[in-house]
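The chain contents come next:
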Amino acid sequence: MIVNTCGFIDAAVDESLAAIGEALAENGKVVVTGCLGAKQDFIKNIHPAVLAVTGPHDTPAVMHAVHAFLGRPRPAPHDPFIDLIPDIGVKLTPKHYAYLKISEGCNHRCSFCIIPSMRGDLVSRPMAEVMSEAENLVRAGVKELLVISQDTSAYGMDVKYRTGFWQGRPAKTNFVNLCRSLAELNVWIRLHYVYPYPHVDEVVPLMAAGKILPYLDVPFQHASPRILRLMKRPASAEKVLSRIAGWRETCPDIAIRSTFIVGFPGESEAEFSHLLFFLQEAQLDRVGCFAYSPVEGAAANDLPDAVPEAVKQSRRERFMKLQAKISAEKLKAKVGQKLKVLIDAPGAGRSMADAPEIDGVVRFSGGRAGEFAEVLIDRADQHDLHGRRL
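Overview of the structure.

1. With respect to the side chain of threonine 173
Within the secondary structure layout, threonine 173 lies in the loop between β9 (169–172) and α6 (175–183). A distance of 2.9 Å separates a polar side-chain atom of threonine 173 from the backbone oxygen of arginine 162. Threonine 173 has contacts with Arg125, Met127, Tyr155, Gly156, Val159, Tyr161, Arg162 and Gly164, leaving out every residue within four places of it along the chain.

2. Here's the deal with the environment of aspartate 344
Along the chain, aspartate 344 turns up in strand β14 (residues 338–345). With 24 residues separating them in the primary sequence, aspartate 344 and arginine 368 have C-alpha atoms 7.6 Å apart. In contact with aspartate 344, other than residues within four places in its own chain, are His96, Tyr97, Gly349, Arg350 and Ala369. For aspartate 344, the side chain forms a polar contact with the side chain of arginine 350, separated by 2.7 Å.

3. Focus on the pattern of salt bridges
In total, this model carries 23 salt bridges according to the counting rule given. Residue aspartate 359 pairs with arginine 257 through a salt bridge whose shortest N-O separation is 2.7 Å. Pair noted here: aspartate 359 is in the loop between β15 (348–350) and β16 (362–363) and arginine 257 is in strand β12 (residues 255–262), with a separation of 102 residues, a long-range link. Like aspartate 359, the residue arginine 257 is buried in the burial classification. A salt bridge links arginine 368 to glutamate 371; the shortest N-O distance between them is 3.1 Å. Residue classification places glutamate 371 among the partly exposed positions, given a relative accessible area of 23%. Because the salt bridges share partners, they merge into one network encompassing Glu144, Arg190, Asp344 and Arg350.

4. Details of the sheet that holds strand β17 (residues 372–380)
Strand order in the closed barrel made by the 5 strands is β14-β15-β16-β18-β17, with mixed pairing throughout. As judged from the 5 bridges shared by β17 and strand β18 (residues 385–389), these two strands associate in the antiparallel manner. Note on β18: the bridge partner recorded for isoleucine 377 is glycine 387.

5. Some points on unusual backbone geometry
Its identity as a non-glycine residue notwithstanding, lysine 232 has a phi of 60°, on the positive side. Here lysine 232 shows up in the loop between α8 (225–231) and α9 (237–250). A positive phi angle, near 75°, is found at glutamate 357, a position not held by glycine. Positionally, glutamate 357 belongs in the loop between β15 and β16. Accessibility expressed as a relative area gives 74% for glutamate 357, which makes it exposed.

Rules and cut-offs
- Residues numbered from 1 in each chain as written.
- Predicted model: local features only at pLDDT ≥ 70, side-chain atom pairs only at ≥ 80, totals over all residues.
- Heavy atoms only, no water.
- Helix = DSSP H or I, 4+ residues; strand = E, 2+ residues; numbered from the N terminus.
- Polar contact = N/O pair within 3.5 Å; in protein donor to acceptor, adjacent residues only side chain to side chain.
- Contact = heavy atoms within 4.5 Å.
- Salt bridge = Lys/Arg side-chain N within 4 Å of Asp/Glu carboxyl O.
- Buried < 20%, exposed > 50% of the residue type's maximum accessible area, 1.4 Å probe, protein only.
- Pairing = 2+ DSSP bridges.

That is the geometry; function is a separate question.
Shown next as structure tokens:
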């Protein structure tokens with residue numbers, strides 16, 4: 001049995017260790033992979049019976065461990081079942097949407113994050129490889145590609161934006177050109193984890209022109225200049241508000257999603273109030289908020305003035321209460337509009353402003369998963385829209 005793990009936050013570590021224990025109890029033959037696999041000694045001390053521990057995205061090491069246990073020669077002989085797997089591989093998402101990972105690792109050193117220590121610096125996938133995977137997914141029936149990485153807008157920085165080739169044409173390996181190329185596939189393209197570098201502005205006109213979805217997932221994390229410095233995050237609240245205003249001027253329908261951390265070490269009540277002011281001014285469409293949680297190995301653990309747990313949770317509740325009000329007002333403005341919806345299940349789908357699993361949904365009657373529908377919105381609540389299919 002192969003157990004994929006996560007090691008970014010304490011709760012995920014606990015869940016991963018529990019999953020390993022359950023797998024061992026079930027059949028006793030377990031290979032551990034994923035992010036937590038970078039801590040091989042840690043896992044072996046707790047679960048010494050595992051067959052092997054491998055790091056994230058190390059498929060060869062996983063297969064090596066499996067073959068070693070089975071006593072098979074390496075490489076394994078032709079298997080008429082496994083070798084029939086299509087070019088797109090095995091997807092864990094529904095048929096109509098898929099995640100497209102364009103790079104691994106990150107060059108930032110945010111004080112609350114341990115991704116670089118586990119996955120290393122930014123490594124961009126070749127342009128042709130990314131586009132080939134995207135084309136295969138579209139040919140297989142995917143209607144929405146969700147572009148992901150640890151730092152999506154940094155794509156190509158590590159290779160100095162070298163020129164690659166796609167469909168016999170030269171194509172520079174950079175974020176803007178990737179978006180233009182993906183737009184040619186004529187499916188929904190949704191951008192996640194986009195740092196607000198200046199060149200992101202060049203993508204917004206593509207959204208206004210209907211080439212890619214008018215949706216940006218930008219992890220702002222906070223608004224206080226001092227807290228952002230402690231987090232070792234770029235940007236400032238004033239510049240961010242100006243950028244958001246510019247994006248909306250170019251593409252009025254753009255939906256902006258972001259995540260924030262409250263209760264970061266040293267965060268004062270005044271700095272939290274500054275964050276609430278930013279939230280009110282920014283009027284973001286979709287927002288997630290986390291109470292700060294120490295992660296083993298993160299530099300932020302050594303910062304002074306830890307915020308008490310009760311205060312962190314209280315701030316998170318106050319933050320989400322304000323955002324719920326903002327969200328309800330923004331969704332109410334959609335009542336009476338006709339929206340194009342990608343159906344995830346009968347009676348539920350997503351508009352262009354909704355990513356799967358993390359954003360709201362559009363509810364109506366009927367429909368089949370994977371179909372597009374036009375829905376007239378007649379009601380809204382804090383997070384979801386309700387209407388009838390036309």
